[in-house]
Amino acid sequence: MAQSESVGLVEPFTFNGARMLIGSVCILPVALISSRTPKNASDGPVGHRKPNKTAVIGGLVCGAVIFVAANLQQFGIENGTTAGKSGFITALYVVMVPVVSVFLKRKPPKTIWIGIVLAVTGLYLLCVKTGEGSAICIGDVITLFCAMAFTGHILVIDHFSPMVNGVWLSCIQFFVGGILSVVCMLIFEQPSMQSILSAALPILYSGVLSSGVAYTLQIVGQKYTDPTVASLIMCMESVFAVLSGWIILGDALGAREIVGCVLMLVAILLAQIPDEKINLKKSKKQLL
């Protein structure tokens, strides 16, 4: 929603450069505090608490990927895709993550695939209004590439998050993404302080809550969660958006939205059902 509100007020690289740098600044105090946590903290060994070489490399990679993903999403919105379709197409990473995971020799449980089908159906009912889904514009195509980039982001986080302090990883990634966006802003755009100030509210919201809070929690959470399950859980943002509009703005929920919410909830519950074969293998390893 904040991204849609910024369209017409500020250009994509300017918007993402500002919000990512704000996000990095907001996370920095928490990262510094987390570096002084006790040895038995959940962030792992003492070497993992500080921004070591692995955290810097991970931050550089994650920052580059999120720079691509976030800016593709913003360009998609600016080039004709609606907010609802953007949300739906972006969330197609829920399908892409398990497909790529198969090629990485990480076979998801069968219940995950059922959950994915339900989640995609629910997302479509939630995000795409009647009559919107037939026409395809250039913005939709750009947003599809954005979904691919977010797929890479989830998988990259899955690789680095167990090895480093997640808060530092988030801080570094947004600093890198912000710097890359600012460089592109200076090359391709004509930013002005007036335009930035006119979009101050969506920039601050995206910088503090979306970048600073939500993405940091994603990184910390993915340390303990399978990437496919994580992608399913993150798709719930569409449900929360609809429910927030209903509670805060008084937007009525139609039958279509209610069915979509229910399907999404069922999908998440299915994802939590343990795979008996996987549990059996784990039990055998423990016995050996």
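All chains use their own residue numbering, which begins from 1 and follows the written sequence. Local features in a predicted model are, by the rule used here, given only for residues with pLDDT of at least 70; side-chain atom pairs are given and counted only at 80 or more, and totals for whole chains, interfaces and linings are based on all residues. To obtain the side-chain values, all non-hydrogen atoms of the structure were included, while hydrogens and water were left out.

## Side note on the overall build of the protein chain
Right, on to step 1. By the criteria applied, helices consist of DSSP H or I runs no shorter than four residues and strands consist of E runs no shorter than two, each listed in order from the N terminus. Per the secondary structure count, the protein chain includes 15 helices and zero strands.
Right, on to step 2. Counting only residues that meet the buried cut, the protein chain has 45% of its 288 residues in that class.
Right, on to step 3. Residues count as neighbours in contact if any of their non-hydrogen atoms are within 4.5 Å of one another. In the protein chain, 90% of the contacts between residues at least 6 apart in sequence involve partners at least 24 apart.
Right, on to step 4. Carbon together with sulfur atoms contributes 72% to the accessible area of the protein chain, which is approximately 14,800 Å² in total. Partly exposed residues are those whose accessible area sits between 20% and 50% of the maximum for their type, while under 20% is buried and over 50% is exposed, using a 1.4 Å probe and protein chains only. Using the Shrake-Rupley algorithm and a 1.4 Å probe, accessible areas are obtained, with residue cover drawn only from the displayed protein chains.

## Examining the nonpolar core
Right, on to step 1. Membership of the largest hydrophobic core comes to 43 residues, with the highest contact counts inside it found for Phe88, Leu123, Leu126, Leu232, Cys235 and Met264.
Right, on to step 2. In contact with Leu232, not counting residues within four places along its chain, are Val94, Ile112, Gly115, Ile116, Ala119, Ala267, Ile268 and Ala271.
Right, on to step 3. Here, the term nonpolar core denotes a set of buried Ala, Val, Leu, Ile, Met, Phe, Trp, Tyr and Cys residues that are joined through side-chain atoms within 4.5 Å. Core analysis: the next-biggest nonpolar cluster, separate from the first, contains eight residues, Ala55, Val156, Phe160 and Leu169 among them.

## A few points about a nonpolar patch on the surface
Right, on to step 1. Side chains of Ile136, Ile138, Val141, Leu144, Phe145 and Met148 sit close together on the surface and give an oily, nonpolar patch of about 570 Å² of accessible area.
Right, on to step 2. Within the element layout of this structure, Ile136 appears in the loop between helix H7 (110-127) and helix H8 (138-160). Only residues above 30% relative accessible area that lack a salt bridge enter a patch, with like-charged residues linked at up to 9 Å and the nonpolar side chains Val, Leu, Ile, Met, Phe, Trp and Tyr linked at up to 5 Å. The salt bridge definition used is simple: a Lys or Arg side-chain nitrogen within 4 Å of an Asp or Glu carboxyl oxygen.

## Some words on helix H11 (residues 200-222)
Right, on to step 1. Compared with an ideal rise of 1.5 Å per residue, which puts 23 residues at 33 Å, H11 spans 31 Å between its outermost C-alpha atoms and is within 8% of the ideal.
Right, on to step 2. Here the bend at a residue is taken as the angle between two axes, fitted respectively to the seven residues that end there and the seven that start there. A maximum bend of about 30 degrees is found in H11 at Ser210. The span you would expect from a helix comes to 1.5 Å times its residue count less one.

## Digging into helix H5 (residues 83-90)
Right, on to step 1. Every buried residue of H5 is accounted for by Lys85, Ser86, Phe88, Ile89 and Thr90.
Right, on to step 2. Structurally, H5 contributes buried residues whose contacts are with helix H4 (53-78), helix H6 (93-103), H7 and H8.

## Here's the deal with the packing of aromatic side chains
Right, on to step 1. When two rings of Phe, Tyr or Trp (its six-membered ring) have centres within 6.5 Å they constitute a pair, described as stacked for plane angles under 30 degrees, edge-to-face for angles over 60, and tilted for the intermediate range. Under the counting rule described, the total for this entry stands at five aromatic pairs.
Right, on to step 2. With a centroid separation of 5.3 Å and 70 degrees between ring planes, the pair formed by Phe13 and Phe75 is classed as edge-to-face. Here Phe13, found in helix H2 (residues 12-34), pairs with Phe75, found in helix H4; they are 62 residues apart in sequence, far enough to count as distant.
Right, on to step 3. Looking at Phe13, the relative accessible area reads 12%, which means it is buried.

## Some words on the packing of H7 against helix H12 (residues 227-234)
Right, on to step 1. Note on definitions: angles span 0 to 180 degrees between N-to-C directions of axes, and those axes are lines fitted to C-alpha atoms, for helices only across the stretch in contact. Contact geometry of H7 with H12 gives a least axis separation of 11 Å together with a crossing angle of 25 degrees. Considered as vectors, H7 and H12 are oriented roughly parallel to each other. In this structure, H7 meets H12 at a crossing whose hand is left-handed. Only Thr228, Val229 and Leu232 of H12 make contact with H7, whose side of the interface consists of Ile112, Gly115, Ile116 and Ala119.
Right, on to step 2. In this classification, the charged set is Asp, Glu, Lys and Arg, the nonpolar set is Ala, Val, Leu, Ile, Met, Phe, Trp, Tyr, Cys and Pro, and all remaining amino acids, among them Gly, are polar. Taken together, the residues that form the contact of H7 with H12 break down as five nonpolar, two polar and no charged. Orientation categories follow fixed angle ranges, with anything under 35 degrees roughly parallel, anything over 145 roughly antiparallel, 65 to 115 roughly perpendicular, and all other angles oblique. In this scheme the crossing of two helices becomes right-handed for a clockwise turn of the near helix relative to the far one and left-handed for an anticlockwise turn of less than a right angle.

## Points about the confidence of the model for the protein chain
As a note on interpretation, predicted positions should not be read in detail where pLDDT is low.
Right, on to step 1. Averaged over all residues, the pLDDT of the protein chain is 83; the fraction at 70 or higher stands at 84%.
Right, on to step 2. Confidence of the predictor at the level of single residues is captured by pLDDT, which takes values from 0 to 100. The lowest-confidence element of the protein chain is helix H15 (residues 276-287), averaging 44 in pLDDT; the highest-confidence one is helix H9 (residues 166-188), averaging 96.
Right, on to step 3. Considering only residues more than four positions removed or in separate chains, one finds that residues 41-47, a stretch of pLDDT under 50, has nine contacts.
Right, on to step 4. Every residue in residues 278-288 scores below 50 in pLDDT, and together they form two contacts with partners more than four places removed in sequence or on other chains.

## Details of the environment of Gly23
Right, on to step 1. Along the chain, Gly23 falls in helix H2.
Right, on to step 2. When its relative accessible area of 0% is taken as the criterion, Gly23 is described as buried.
Right, on to step 3. Residues Gly23 and Gln173 lie 150 residues apart in sequence; the distance between their C-alpha atoms is 9.8 Å.

## Considerations on the packing of H6 against H12
Right, on to step 1. Two numbers describe how H6 lies on H12: the axes approach to 9 Å, and their chain directions differ by 180 degrees. Relative to H12, the element H6 lies roughly antiparallel. Side by side, H6 and H12 meet where Tyr93, Val94, Val97, Pro98 and Ser101 of the first sit next to Pro227, Thr228, Ser231, Leu232 and Met234 of the second.

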